[in-house]
Amino acid sequence: MVIIFITNMAKYAIKGYEVEALDFVLKPVGYFAFSTKLDKALLQVRSRPRKVLMVPQDDGVLRLSMGDIHYIEVIKHRLHLHTAEGVLTMPGSLSEMEQQLAGEHFVRCNKGYLVNLRYVTLIKGDTVQVAGDTLLISRRRKEEFLLAVTDYYGGGSL
C-alpha cells in the first residue's frame, strides 16, 4: 500500500513520515502537483518485486506471477491454474500450493478450489464468482471463506 497525505496543515505532514507515507500534498490541490505524486506512487508500486510461481511445462518452465492466477482447482491429482491467458496444468497437491501461496490472499472455498480473493466479484448463496467462473462454496469452508473475503475487502461490499 502506498500512502499520500492530503492536508491543509503542513505541520501534519511530519506525522505522515512516521507511518512511512510516500509523500504529502498541501490543499488546495493543484492538478500538476497531484498527478506528479500519483505518478511517483505508481512507479513505486510497479517497481516492487512480483512474487512468481515456476510452472513446469512439457518443453520447459513458465514463470507466472502469482497475482495473475484467478483460482486453482485440483482434478485427479493435477493442478489447473486458471489465468486470463488460459488454464495451465501442473503436478502437485492443493495443500502444497496453499502453503506456497500463503500470504498472497488465496483461500479455499471448498476442497477442490483455491481462490485468489482479488478476482472475487460476487458471492451468492453457496457460490462465488471468480473472474467470470462460478465456483461452489462448501458448507464446511463457508464461514472461513466469507471472513477472508471480508478481511481482504476491508468490510466493504463486493
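This section reports on the structure supplied with the text. What you see is a predicted model; the values in this text were computed from it and never measured. (Residues numbered from 1 in each chain as written. Predicted model: local features only at pLDDT ≥ 70, side-chain atom pairs only at ≥ 80, totals over all residues. Heavy atoms only, no water.)

Concerning the environment of A102
Along the chain, A102 falls in the loop between α3 (94–100) and β8 (106–110). Along the primary structure A102 and S47 are separated by 55 residues, whereas in three dimensions their C-alpha atoms are 22 Å apart. (Helix = DSSP H or I, 4+ residues; strand = E, 2+ residues; numbered from the N terminus.)

Observations concerning the sheet that holds strand β12 (residues 133–136)
The strand order β10-β11-β12 describes an open sheet built from 3 strands, whose pairing is antiparallel. Because the sheet does not close on itself, it has two edges, and the strands there are β10 (120–124) and β12. Strand-to-strand twist across the sheet, computed as the mean angle between neighbouring axes with direction ignored, equals 25°. Sheet analysis places strand β11 (residues 127–130) next to β12, joined by 4 bridges and oriented antiparallel. Paired with V130 across the two strands is D133, which belongs to β12. (Pairing = 2+ DSSP bridges. Axes fitted to C-alpha atoms, helices over the stretch in contact; angles between N-to-C directions.)

Comments concerning the pattern of salt bridges
When charged atoms on two side chains of opposite charge get close, those side chains can pair. Overall, the coordinates contain 5 salt bridges when judged by the stated rule. A salt bridge links E98 to R108, with the shortest nitrogen-to-oxygen separation between them at 3.0 Å. Taken together, the residues E98 in helix α3 and R108 in strand β8 connect sequence positions 10 residues apart. According to the relative accessible area criterion, R108 is buried, its value standing at 8%. We note a salt bridge from K142 to D126, for which the minimum N-O separation is 3.0 Å. In this pair, K142 is assigned in helix α4 (residues 139–152) and D126 in the loop between β10 and β11, connecting sequence segments 16 residues apart. For D126, a relative accessible area of 39% puts it in the partly exposed group. Via salt bridges that share partners, D23, K37 and K40 belong to a single interconnected network. (Salt bridge = Lys/Arg side-chain N within 4 Å of Asp/Glu carboxyl O. Buried < 20%, exposed > 50% of the residue type's maximum accessible area, 1.4 Å probe, protein only.)

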